[in-house]
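A look at the structure
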Amino acid sequence: MKGANQLRHPHYVKPELVATGPNQVWTWDITKLKGHIKGTFFRLHVIIYIYSRYMTGWMVAAVESGELAKKFIDDSCAKQAIGSGKLTVHSDRVASMKSKLVADLLSDLGVIKSHGRPKVSDDNPFSEAQFKTLKYHPVFPERFSSIEDAQQFFVHFSNCITPFISIQESPC
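Scope of this entry: the structure provided in the associated data block. Treat the numbers as computed from the prediction; the structure is a model and nothing was measured. (Residues numbered from 1 in each chain as written. Predicted model: local features only at pLDDT ≥ 70, side-chain atom pairs only at ≥ 80, totals over all residues. Heavy atoms only, no water.)

**A look at helix H4 (residues 125-135)**
Since there are 3.6 residues in each turn of an α-helix, residues three or four apart along the chain are aligned in direction. Taken as a whole, H4 has its buried residues at Ser127, Gln130, Phe131 and Leu134. Along the axis of H4, the buried positions cluster into a sector of 100 degrees, meaning they face one direction only. (Buried < 20%, exposed > 50% of the residue type's maximum accessible area, 1.4 Å probe, protein only. Helix = DSSP H or I, 4+ residues; strand = E, 2+ residues; numbered from the N terminus. Arc of directions from axis to C-beta.)

This is the structure:
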């Protein structure tokens, strides 16, 4: 029998995220922002809830780590007063998102975790679409001179630019 001993990869079910109201399903992703020196990057973490694409939280960091991710998720859950068993957080399978620190925090908060399929570029379509909108916006800089510059840009951008504004009225 030709091919009888070939390894078969498990079939992964594509997760289906459905929300009928705010704070039921969040999507969390990280994208790189170019620094002022070639080869340097900052990491932009963003959480949105898929019901209305409201940006629940964002963070610009110099590195990606489980400790920073834990603080980011904890702060976002506290800000939104998330009750136990009420929320699903969907993310990619990068190390900080799968870290034990984040998994323990989500478990402690009663938050259900969901991860995209491995090695798939569009496993987090809500966040990926948001990042594409962001990076193709005319005011998005090619490079950021410092982490403070990137943070200041997102303070202004998250409050003033249409794709990222909340349901509340923009202050701009």
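Alright, that's what it looks like, and here's the rest.
**Considering the packing of aromatic side chains**
Applying the stated rule across the entire model yields 10 aromatic pairs. Measuring from centroid to centroid gives 6.5 Å for Trp28 and Phe72, while their planes differ by 50 degrees, and the two rings are tilted. Separated by 44 residues along the polypeptide, Trp28 in strand E1 (residues 25-34) and Phe72 in helix H1 (residues 66-80) bring together distant segments of the chain. As far as the burial class goes, Trp28 and Phe72 line up, both buried. (Phe/Tyr/Trp six-rings, centres within 6.5 Å; stacked < 30°, edge-to-face > 60°.)

**Regarding the pattern of salt bridges**
For the coordinates displayed, the defined rule picks out two salt bridges. Residues Lys71 and Asp75 are paired through a salt bridge, measuring 2.7 Å at the closest nitrogen-oxygen approach. Taken together, the positions of Lys71 and Asp75, both in helix H1 and four residues apart, correspond to about one turn of that helix. We note a salt bridge from Asp104 to Lys100, for which the minimum N-O separation is 3.1 Å. Taken as a pair, Asp104 and Lys100 lie in helix H3 (residues 100-109) at a separation of four residues, close to a single helical turn. Asp104 sits in the partly exposed class, given a relative accessible area of 36%. Looking at Lys100, the relative accessible area reads 61%, which means it is exposed. (Salt bridge = Lys/Arg side-chain N within 4 Å of Asp/Glu carboxyl O.)

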